Amino acid sequence: MSSADLAVQVFRRLVSEDFRMLNVIEVGMNRREFVPREQIQKFAKVPMDRVDFILNKLSKLGLIYYNRGAYVGYALNYVGYDCLAINAFVKAGVFSSFGQTIGVGKEADVYTALAPSVEDNGGGGLTVAVKFHRLGRISFRQTRRKRGYLKENAAWLFQSHLAAEKEFLALQLVYKQGVSVPKPLGHNRHALVMGIIEGGELSKWRKLSYPNCVLKEILYNIQTAYLKAHIIHGDLSEYNIILKPNSNDTDDGGVQVLIIDWPQYVSSDHPNASELLQRDIQNVLTFFNRRFNVKVDFQLAYDYVVGKIENVVF
């Protein structure tokens with residue numbers, strides 16, 4: 001069971017003073033790995049016996065853990081951090097209930113949720129996707145090497161916060177320019193809410209009726225992100241390209257392309273922009289060549305993406 005599943009289970013058992021205590025610990029972790037019990041009491045502004053009662057409750061529910069070294073200190077775990085994010089979204093009216101798991105990966109968990117908005121489906125509520133970043137699942141050394149925007153001394157919870165914040169910004173930038181991505185709806189801490197993600201990863205499609213058309217659509221979206229939003233995905237592959245048929249059959253004549261997972265994006269004026277753009281394009285071309293026997297000259301595809309030629313024919 002993931003931390004978000006646990007958070008949803010215990011969420012309704014929490015009251016305002018519980019969230020207040022979690023918030024105090026969260027703020028205290030900006031300076032310390034474990035927040036001293038006395039400091040928690042100072043900022044919570046409640047008697048120490050009440051502090052101990054609430055901390056004991058949160059500990060039993062699995063939202064915090066403690067250290068009994070030179071001093072007694074407390075820190076949030078992912079379940080507690082999830083509860084804070086969920087509470088913020090619920091209070092803001094972004095969503096009201098959780099659904100099922102869409103995907104669980106090394107660096108993120110994605111769930112469906114029901115938003116109170118009825119504008120898109122005539123009264124039944126709107127299904128959205130909620131993504132929780134989980135950068136603590138890989139070593140900090142790997143995280144720092146892969147994601148240069150992270151500060152060296154950032155705790156893993158706040159690394160995830162920065163990743164979600166960065167991805168949300170990327171989605172805002174590319175969505176308004178017409179790139180086929182989930183619609184960004186909200187962001188809080190290490191979580192973001194977006195339009196529902198339906199379909200299957202490109203990596204799982206064994207047959208496509210018109211693979212050249214799908215490839216052209218992907219290149220068009222890379223081009224739009226680069227020329228109009230001035231950003232590069234930075235980690236594009238068959239694992240973060242989603243395909244969804246428009247009809248009930250499996251024919252891809254009406255397939256929709258959706259590009260996801262943007263926390264590693266860079267701007268087009270980044271020192272490594274050209275290298276990362278070339279890698280994104282090459283990853284896609286290599287996959288289509290290997291899986292669907294669609295061969296496209298790299299230079300031709302690159303020139304199309306950067307706007308040197310108006311169309312790519314293959």
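Here, every reference points to the structure presented above.
The paragraphs below set out a description of the structure included in this document. Owing to the predicted nature of the structure, the values given are computational and were not obtained by experimental measurement.

If you check helix H8 (residues 211–227), its first and last C-alpha atoms are 24 Å apart, about what 17 residues at 1.5 Å a residue would give, namely 24 Å. Along H8, the residues classified as buried are Pro211, Val214, Leu215, Ile218, Leu219, Asn221, Ile222, Gln223, Thr224, Ala225 and Tyr226. Of the surrounding secondary structure, the elements contacted by the buried residues of H8 are helix H7 (156–175), strand E10 (231–232), strand E11 (241–245), strand E12 (255–259), helix H9 (273–292) and helix H10 (298–305).

With respect to the helices and strands, glutamate 26 occurs in helix H2 (residues 16–28). Using a relative accessible area of 11% as the deciding quantity, one classes glutamate 26 as buried. Reaching out from glutamate 26, the side chain makes a polar contact with the side chain of arginine 189 at a distance of 2.8 Å.

Inspection of every chain in the model, using the stated rule, returns 14 aromatic pairs. With a centroid separation of 4.9 Å and an interplanar angle of 55 degrees, the aromatic rings of tyrosine 78 and tryptophan 156 are classed as tilted. Within this pair, whereas tyrosine 78 is found in helix H5 (residues 78–91), its partner tryptophan 156 is found in helix H7, the two being separated by 78 residues in sequence. When the centroid spacing of 5.5 Å and the interplanar angle of 50 degrees are considered together, the rings of phenylalanine 288 and phenylalanine 292 count as tilted. Taken together, the residues phenylalanine 288 and phenylalanine 292, both in helix H9 and four residues apart, mark about one turn of the helix. Exposure remark for phenylalanine 288: the relative accessible area of 0% places this residue in the buried category. The buried category is assigned to phenylalanine 292, whose relative accessible area is 12%. Three or more aromatic residues joined by ring pairs make a cluster, and in this case those are Phe89, Phe95, Phe98, Tyr111 and Phe132. One residue, arginine 32, lies across the ring of tyrosine 71, its end atom 5.6 Å from the ring centre. The cationic tip of lysine 166 hangs over the ring face of tyrosine 265; the distance from NZ or CZ to the ring centre is 4.2 Å.

How each quantity is defined
Residues numbered from 1 in each chain as written. Predicted model: local features only at pLDDT ≥ 70, side-chain atom pairs only at ≥ 80, totals over all residues. Heavy atoms only, no water. Helix = DSSP H or I, 4+ residues; strand = E, 2+ residues; numbered from the N terminus. Expected span 1.5 Å × (residues − 1). Buried < 20%, exposed > 50% of the residue type's maximum accessible area, 1.4 Å probe, protein only. Contact = heavy atoms within 4.5 Å. Polar contact = N/O pair within 3.5 Å; in protein donor to acceptor, adjacent residues only side chain to side chain. Phe/Tyr/Trp six-rings, centres within 6.5 Å; stacked < 30°, edge-to-face > 60°. Lys NZ or Arg CZ within 6 Å of the ring centre and 35° of its normal.

Everything listed here is a matter of geometry and, on its own, says nothing about what the molecule does.
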